[in-house]
Amino acid sequence: MDSITDINGSTKFAAVIGQPLSHSLSPIIYNTSFKAQDLNMVYIAFETGEDDTIERIEHLKALDVQGINITMPGKFKAMQTVDRLDVASQYVNAVNMITRDDKGQWVGYNTDGAGLWLAVKNRGVDLVGKRLVVYGSGATSRIIIAQAVIEGIRDISVVARNIQEKDLLIKVCDALRADYPQIDLKMIDLSNQDHVGQAVKQAEIVIQSTSLGMAASRGQSILADENWLQEGTVVMDVIYDPMETRFMQQAKARNCVVIGGLDMLVYQAKLNYQLFAHKEMPVQVVFDTIKGQLAARKAK
């Protein structure tokens, strides 16, 4: 499909719901993919508040939607609209994708963590047995940690401010320890820099999952001392705008394997695309298009 004039009676559609969506890159990602593969599909964004999430999803189902991406604030309520959940979404009580399986049942997925780890594995990294440090305690951190355990990582240190007050994080960690008693899952308060430094020095993978480094905090880094990073350590920042954060610059200076948040964005989209379009997403085409879009935004 080259333009809106190509929409016809056979056109299928997928959607994203949430609020706000004005800066969402999802329509660009998926419509670029449809065009590259000449699919008769279109991807549409629907501004949807939390209280309207369930009703919106049911309306889209009635219109034979192929798949629905859910962003904030409806990721929790969306779970009520599916017949079953994948394993990762059960740990974090949130879904970012729903679609039908081959039996016609609606299934809720959380592909954020799987997308991040797919981006890491795409660099040739074997995850099993690795030592991991994750900065952050929010929703992104929680799904990264849950999926890390599912992928086979057994030594994880989570670093955050006032970490003993993070009830949702504690709940996820407790559930993972109960199901995987062999894991060593530690929680370290950011104020204890000696323990943080020791964990980072020993880590083989370090993930930055906070919002520090974007918007008003551009140029800032949660990493207190870049010398903690060891050469060859895999370092990833989930932020994709800017495409290179201060945290990533610190990692590059230490000769680490550095991955940006754009990889996580594209690879979770790749997984979603497989689920609802049932094809392999043209990843390089999407990367090139998104980079162009971000550069255009920066130039404005």
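Residues numbered from 1 in each chain as written. Predicted model: local features only at pLDDT ≥ 70, side-chain atom pairs only at ≥ 80, totals over all residues. Heavy atoms only, no water.

Bringing unusual backbone geometry into the picture now. Residue P20 follows Q19 across a cis peptide bond; omega there is 0 degrees. At the junction of M72 and P73, the peptide bond is cis and its omega measures out at 10 degrees in the coordinates. At D38, a position not held by glycine, the phi torsion is positive, near 55 degrees. Counting through the fold element by element, D38 comes out in the loop between α1 (26–36) and β2 (41–47). Residue classification places D38 among the exposed positions, given a relative accessible area of 62%. A positive phi is found at A215, a non-glycine position, where the angle reads about 50 degrees. The residue A215 is located in the loop between β10 (205–208) and β11 (234–237) in this model. Given the relative accessible area of 58%, A215 is considered exposed. (Helix = DSSP H or I, 4+ residues; strand = E, 2+ residues; numbered from the N terminus. Buried < 20%, exposed > 50% of the residue type's maximum accessible area, 1.4 Å probe, protein only.)

Under the local residue numbering, the UniProt record ascribes the feature "binding site: shikimate" (unreviewed entry) to S24, L25, S26, T71, N96, D112, Y240 and Q268. By the element assignment, S24 lies in the loop between β1 (12–18) and α1. The residues contacting N96, other than those within four sequence positions of it, are I68, N69, I70, K75, Y109, N110, T111, D112, Q268 and N272. Within the structure, N96 has its side chain in polar contact with the backbone nitrogen of T111 (distance 2.9 Å). (UniProt positions renumbered as here; feature names shortened; annotations may be inferred. Contact = heavy atoms within 4.5 Å. Polar contact = N/O pair within 3.5 Å; in protein donor to acceptor, adjacent residues only side chain to side chain.)

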